[in-house]
Amino acid sequence: MTPLQKRAWLGLGVGVGMALAIGAVFIARGVTSFDDDLALRAITYVVCVGGLLVWAVALRIRRRKPGQLQVLFDERDKEIVRRATMVQVWAVLISLFIWAIALTEAYWGQKSIPIIYAYVIAISGLIVNILAQAIGILIGYRRSG
Amino acid sequence: MPKAEISNRIRRLRFDHGEMTQEELANRVGCTRQTIIALEAGKYVPSLSLAFQVAKVFGVPVEDVFQYEE
């Protein structure tokens, strides 16, 4: 397994973990309680920033092991990342359109959408981004051996 | 447009060169062992640069390593 594949599995774990954690927090406390619950907001921020930091650290892959001949990242990995980026872009775009349609239809009568959804959309965008990249990379490796 | 395939003789050439391991070839051309595995399985078509590097390691012209088939 290449370092990039390991990173993709980590990304998948972080993405699923963040989705479950955020989902559990919102189910336990209720989405609208975010407005007046500072603790819930703090938990959400920590989960988001923590997940983002783990992902950012995992993104760092050296081309070679220091002082060794063994190559860790080559042209095939680069090509797989390039294709995975397209999967990411489309997944995030589709998720944004789904949010836009769902919220518009759900709150059409009220003519306004609760402010909490700005955060929910940002969080979901981040999670979709991480998951889509990981899945794109894993599919890329499956297709190209 | 007819589908073109790039085949290669890397596995054969490795064995002809003192049973060179995939790891050794990968280190010499600057790629991962997984890429050599994918190349030998015909699942990955290398860049021109990598193709020439592989040919250089075996001391043969690039067309002796990679064949273009329509």
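Rules and cut-offs
- Residues numbered from 1 in each chain as written.
- Chains lettered and ligands numbered in written order.
- Predicted model: local features only at pLDDT ≥ 70, side-chain atom pairs only at ≥ 80, totals over all residues.
- Axes fitted to C-alpha atoms, helices over the stretch in contact; angles between N-to-C directions.
- Helix = DSSP H or I, 4+ residues; strand = E, 2+ residues; numbered from the N terminus.
- Parallel < 35°, antiparallel > 145°, perpendicular 65-115°, else oblique.
- Contact = placed C-beta atoms within 7 Å.
- Buried ≥ 20, exposed ≤ 12 C-beta atoms within 10 Å, placed from the backbone.
- Expected span 1.5 Å × (residues − 1).
- Nonpolar A, V, L, I, M, F, W, Y, C, P; charged D, E, K, R; others polar.
- pLDDT = per-residue confidence, 0-100.

1. Examining the packing of helix 2 (residues 22-29) of chain B against helix 3 (residues 33-40) of chain B
All names here are of chain B.
- The contact between helix 2 and helix 3 brings their axes to 8 Å, and the two run at 110°. Here helix 2 lies roughly perpendicular to helix 3, going by the angle between them. Between helix 2 and helix 3, the contacting residues are Gln22, Glu23, Leu25 and Ala26 on the first element and Arg33, Thr35, Ile36 and Ile37 on the second.

2. Structural notes on the environment of A:Val92
Residues and elements named next belong to chain A.
- Mapped onto the fold, valine 92 is located in helix 3 (residues 75-106).
- Take valine 92: there are 18 C-beta atoms within 10 Å of it, and that puts it in the partly exposed class.
- Remark: the alpha-carbon pair of valine 92 and isoleucine 123, spanning 31 residues in sequence, is separated by 11 Å.
- The contacts of valine 92, once residues within four sequence positions are left out, are Gly125, Val128, Asn129 and Ala132.

3. Some thoughts on helix 1 (residues 3-29) of chain A
- Taking 1.5 Å per residue as the helical rise, helix 1 of chain A with its 27 residues ought to reach 39 Å, and the 38 Å between its terminal C-alpha atoms agrees with that figure.
- Immediately downstream of helix 1 of chain A, the backbone of A:Gly30 shows phi near 85°, a positive value.

4. So, the interface of chain A and chain B
- With 9 residues of chain A in contact, the opposing surface of chain B contributes 14 residues.
- When the residues that make up the side of chain A that touches chain B are grouped by side-chain class, the tally is 2 nonpolar, 4 polar and 3 charged.

5. Quick notes on helix 3 of chain B
- Among the residues of helix 3 of chain B, B:Gln34, B:Thr35, B:Ile36, B:Ala38 and B:Leu39 are the ones counted as buried.
- Packed against the buried residues of helix 3 of chain B are helix 3 of chain A together with strand 1 (5-8), helix 1 (10-16) and helix 2 of chain B.

6. Quick word on the confidence of the model for chain A
- Overall, the prediction assigns chain A a mean pLDDT of 85, with 98% of residues at 70 or greater.
- When pLDDT is averaged over each element of chain A, helix 3 of chain A comes out on top at 93 and helix 2 (residues 38-59) of chain A at the bottom at 78.

7. Some words on the confidence of the model for chain B
- Taken residue by residue, chain B gives an average pLDDT of 89. The fraction at 70 or more is 94%.
- Reported confidences for the modelled complex are a pTM of 0.80 and an ipTM of 0.82.

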